[in-house]
Number of protein chains: 2
Amino acid sequence: MYTEVPGGVCAAKGFSASGVHCGIRPNHPKADLALISADVRCAAAGVYTTNKVCGAPITVDRLHLQDGYAQAVIVNSGNANTCAANGVELALSVCGLVADQLGIQKEDVLPASTGVIGQPMTLTPFEKGVPLAVQELTNEPSGSLQAATAIMTTDTYPKEYAFSFTLHGKTCHLGAIGKGSGMIAPNMATMLEFYTTDVAISPAMLQKALKDVVPGTYNQMSVDRDTSTNDTLLILASGLAGNEPITAPGEDYDVFYQALTAIAEHMCREHAGDGEGASKLLVCEVSGAPDLTIARAVSRSVVTSDLLKSAMFGEDANWGRILCAIGYTPGDFDVSRVDVRLHSQAGTVWVCENAAYHPFSEEEAAKVLKEKEIDILVDMKSGSSSAKAWGCDLTYDYVKINGDYRT
Amino acid sequence: MYTEVPGGVCAAKGFSASGVHCGIRPNHPKADLALISADVRCAAAGVYTTNKVCGAPITVDRLHLQDGYAQAVIVNSGNANTCAANGVELALSVCGLVADQLGIQKEDVLPASTGVIGQPMTLTPFEKGVPLAVQELTNEPSGSLQAATAIMTTDTYPKEYAFSFTLHGKTCHLGAIGKGSGMIAPNMATMLEFYTTDVAISPAMLQKALKDVVPGTYNQMSVDRDTSTNDTLLILASGLAGNEPITAPGEDYDVFYQALTAIAEHMCREHAGDGEGASKLLVCEVSGAPDLTIARAVSRSVVTSDLLKSAMFGEDANWGRILCAIGYTPGDFDVSRVDVRLHSQAGTVWVCENAAYHPFSEEEAAKVLKEKEIDILVDMKSGSSSAKAWGCDLTYDYVKINGDYRT
């Protein structure tokens, strides 16, 4: 149904990208400025952090997306442009630079920033970097990879993904780049995520799809339960796939919505699996829950328990910690029928039945927990709702990375 | 006002205690059974975990405290008696053993357990241990210390405290023993806390005082945001101090309530400072909050942020993480006027003013953060409510302790 294709955000028709070095952080050699540019004005939508401390670029994104259209995204790493005087002015000036260079409206440029909070930032590096980024724009896969690399902070590898799918006989594409290794690492703050698609869809339906996909995907993903000041997910839809534009709910919308869910789930796995210091990806799948809210909350509780995360690092089948995390999940539900299984490509071990010990071989459990991806399967046996959550283990390296970040 | 005295739970008139080894865990040499016994039937009260998975002893405590009176507390470490078949029956049998030995009513015995969840437990070790514990009972300070030692799991030292204070000219005592190094470590589950006092007070007022003190103290204390299945706080009041019994709100109740708050705050510092793997005690004091709920929530957010906890371990004055944690605290409040200062016995550094960088010397900050207790002072400048929260840093050792617990 979805065919993986190369090219990330350059896979969809009408998009090019680049990543360059412009020196946001003095004496820091890493590429730090990414540009995504569309050939046409795109329907566009965004979702943002719920943190009351909020990066200046997000204020500008909200402003520039009021009409539901955009044509370019400009992203810097190295400075979050948060808690800084004149942050909004600066972000607006950056948009102006991009607009001038691309010959588009300033209001069609969406800015994003990630990096240290509360540090002074100036326009100077952008004055050099934006023209360079425009010059480097390409719709080849290399453009997406360069952009994905330029937005990285503590990520250990650039994150990008794209696939094609069919909508009423038309081949469409959906692609993404993203960065973020903690839900937040405020010194190198943030999860940033940028999607491009060539599907023709109205701004209203695009915004609806994005808003509906996030609760079951990004909001179910956590490295450390900290919500960044700069979290941003933006999508641009060029409409160049030639499909009948999606302007209302219906079959076409559902196809697009499923595709959006698929790419979001893929990216969640990437982020959680590359969590700061992580050695394992944890996926908790809850089934048999009385309702969706409880299913989501229970799965989140499990993958965010520091005790369980530490146990998974230690490859210890400590099912009591899973039950405990389920038990302190807010909401009114019965825990007495909970079954828990630990699964990986090495096999499945049934460790808990009806909230009590289910006899299992420690040796087999150890084999299962040796793998890089551990699925924690929770059957609540009290309904038909299900949900997933993505997380990672808690390791020495998490503490190391975050204990000594600014130096 | 409060004069520290030796003796922990044996400091108040009418109480004796002991701690012995009875072999709850096979081949485990540590003392594992504690007994607190009162000369008279005591007004008694308890608060318990809100976890839906709940230890069997808590069920029995609720039952035995229906009449508001008790005369003994029996506590084992090594097994949580949680998620085990016949757990309640077993806890009742243990109460029976104690009652027989002490010549009191079975319904006046309160059980508590801490240790591995979901492991089989039998009466056998108690049959040997309870008579031994009764035989060892003493009202000397050594009795309290032995009891405090017997209930320890991952604690690095036994926790006890007592002070005297004056109530209408009568000298009264309030003492405590406690264990717990994580809010939960389900393998060695739980925070357990036992208070004794010789104040004369009705069961209803005792329960009210306990319930009112917990939200501002124990509920503001966290090592890892995990809530145990067995958390229990019990208090016994012998009434032997000779004060006019407290049976209604008023001046005497207020004096007792303040004393209870003082001992609870002291014990919170002990637990948080001895958090699993902790190298530092963190205390967040919020002032100028619009209301008490927000003050408490903000201070809790700060001391529970893994990112901030890691930064404190690294002695990094990363104030952006404090602001970020404040920003994602639920509730409707303004962050734009927040000031943050870092304080320790080495001095005070003002790091953030009106939610933005306040120039400070990194060298001075490093000096402040070298200390063992770090106070994070947050002034929201938007009201007159204040609150405290207690936590600890996140260290390599936390991961080590919890990554490999059962082995």
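Residues numbered from 1 in each chain as written. Chains lettered and ligands numbered in written order. Predicted model: local features only at pLDDT ≥ 70, side-chain atom pairs only at ≥ 80, totals over all residues. Heavy atoms only, no water.

A. The arrangement of the packing of aromatic side chains in detail. Considering all chains together, one arrives at 17 aromatic pairs over all chains under this definition. Considering the side-chain rings of Tyr161 of chain A and Phe163 of chain A, the 6.0 Å spacing of their centres and the 75° angle between planes classify their relative orientation as edge-to-face. Like Phe163 of chain A, Tyr161 of chain A is buried. Each member of the aromatic cluster is reached from another via a ring pair, and the members are Tyr2, Tyr161, Phe163 and Phe165 of chain A. In this structure, Lys159 of chain A is placed above the aromatic ring of Tyr157 of chain A, and the distance from its NZ or CZ to the ring centre is 4.4 Å. In this structure, Arg341 of chain B packs its charged tip against the face of Trp350 of chain B, placed 4.1 Å from the ring centre. (Phe/Tyr/Trp six-rings, centres within 6.5 Å; stacked < 30°, edge-to-face > 60°. Buried < 20%, exposed > 50% of the residue type's maximum accessible area, 1.4 Å probe, protein only. Lys NZ or Arg CZ within 6 Å of the ring centre and 35° of its normal.)

B. Representation of the domain arrangement of chain A in the model. Residue and element names in this part refer to chain A. The domains assigned to chain A are domain 1 (3-273) and domain 2 (281-403). Taking only C-alpha atoms, the centre of domain 1 and the centre of domain 2 are 32 Å apart. Contacts between domain 1 and domain 2 engage 16 residues on the former and 17 residues on the latter. In this assembly, domain 1 packs against domain 2 so that about 1400 Å² is buried in total across both faces, 49% of it on carbon and sulfur atoms. Between Glu265 and Lys388 there is a salt bridge, and its shortest N-O distance comes to 3.4 Å. Our enumeration of links across domain 1 and domain 2 arrives at seven residue pairs in polar contact (both at pLDDT 80 or more). Among the residues forming the side of domain 1 that touches domain 2, the class breakdown is five nonpolar, seven polar and four charged. (Domains from an automatic or database assignment. Contact = heavy atoms within 4.5 Å. Buried area = accessible area lost by both parts, 1.4 Å probe. Salt bridge = Lys/Arg side-chain N within 4 Å of Asp/Glu carboxyl O. Polar contact = N/O pair within 3.5 Å; in protein donor to acceptor, adjacent residues only side chain to side chain. Nonpolar A, V, L, I, M, F, W, Y, C, P; charged D, E, K, R; others polar.)

C. Focus on the sheet that holds strand β13 (residues 356-357) of chain A. Residues and elements named next belong to chain A. One open sheet holds the six strands; their spatial order is β13-β12-β11-β14-β10-β15, and the pairing between them is mixed. Sheet topology places β13 and β15 (385-392) at the edges, where each strand pairs with a single neighbour. Pairing of strand β11 (residues 339-344) with strand β14 (residues 373-379) involves five bridges; the strand directions are antiparallel. Bridge pairing links Arg341 to Leu377 in β14. (Pairing = 2+ DSSP bridges. Helix = DSSP H or I, 4+ residues; strand = E, 2+ residues; numbered from the N terminus.)

D. Structural context of the pattern of salt bridges. Tallying each qualifying case throughout the model produces 20 salt bridges over all chains. Through salt bridges with shared partners, a single network forms among Arg41, Asp67 and Asp108 of chain A.

E. A look at the pairing of strand β12 (residues 347-353) of chain A. Residues and elements named next belong to chain A. Relative to β12, β11 is paired through five bridges, and the arrangement is antiparallel. Bridged to Val340 within β12 is Cys352. Bridge count between β12 and β13: two bridges; the pairing is antiparallel. Bridge pairing in β13 places Glu353 opposite Ala356.

F. Local environment of helix α9 (residues 319-327) of chain A. In terms of burial, α9 of chain A is largely enclosed, as nine of its nine residues are buried. Where α9 of chain A is concerned, the buried positions are Trp319, Gly320, Arg321, Ile322, Leu323, Cys324, Ala325, Ile326 and Gly327 of chain A.

G. Spotlight on the sheet that holds strand β10 (residues 281-289) of chain B. Residue and element names in this part refer to chain B. The strand order across the open sheet built from six strands is β13-β12-β11-β14-β10-β15, with neighbouring strands paired in mixed fashion. The open sheet has two edge strands with one neighbour each: β13 (356-357) and β15 (385-392). Strands in contact with helix α10 (residues 362-369) are β11 (339-344), β12 (347-353) and β14 (373-379); relative to β12, the strand with the most contacts, it is inclined by about 120°. (Axes fitted to C-alpha atoms, helices over the stretch in contact; angles between N-to-C directions.)

H. Focus on the confidence of the model for chain A. Residue and element names in this part refer to chain A. Per-chain confidence: chain A averages 91 in pLDDT, with 95% of residues scoring 70 or above. Across chain A, element-level confidence peaks in strand β2 (residues 15-20) with a mean pLDDT of 98 and bottoms out in helix α11 (residues 396-403) with 76. The low-confidence segment residues 183-189 (pLDDT under 50) makes 47 contacts with residues lying over four places distant or belonging to another chain. Interface predicted TM-score (ipTM) for the complex: 0.71; the corresponding pTM is 0.80. (pLDDT = per-residue confidence, 0-100.)

I. Local environment of the pairing of strand β8 (residues 192-197) of chain B. Residues and elements named next belong to chain B. Most of β8 is tucked away: six of the six residues are buried. Residues Leu192, Phe194 and Thr196 of β8 are buried on one face, and the alternating residues Glu193, Tyr195 and Thr197, pointing to the opposite face, are buried as well. Examined bridge by bridge, strand β7 (residues 170-179) and β8 share six bridges and lie antiparallel to one another. The residue of β8 that forms the bridge with Lys179 is Leu192. Pairing analysis gives six bridges linking β8 to strand β9 (residues 232-237), with the strands arranged parallel. In the strand pairing of β9, Thr196 is matched with Leu236.

J. Geometry of the nonpolar core. Of all hydrophobic cores here, the largest spans 42 residues; its most connected members are Ile322, Leu323, Ile326, Ile376, Val378 and Met380 of chain B. With six residues, helix α9 (residues 319-327) of chain B is the single largest residue contributor to this core. Apart from the residues within four sequence positions on either side, Leu323 of chain B is in contact with Val53 and Cys83 of chain A together with Val338, Cys352 and Ala355 of chain B. (Core = buried A, V, L, I, M, F, W, Y, C linked by side-chain atoms within 4.5 Å.)

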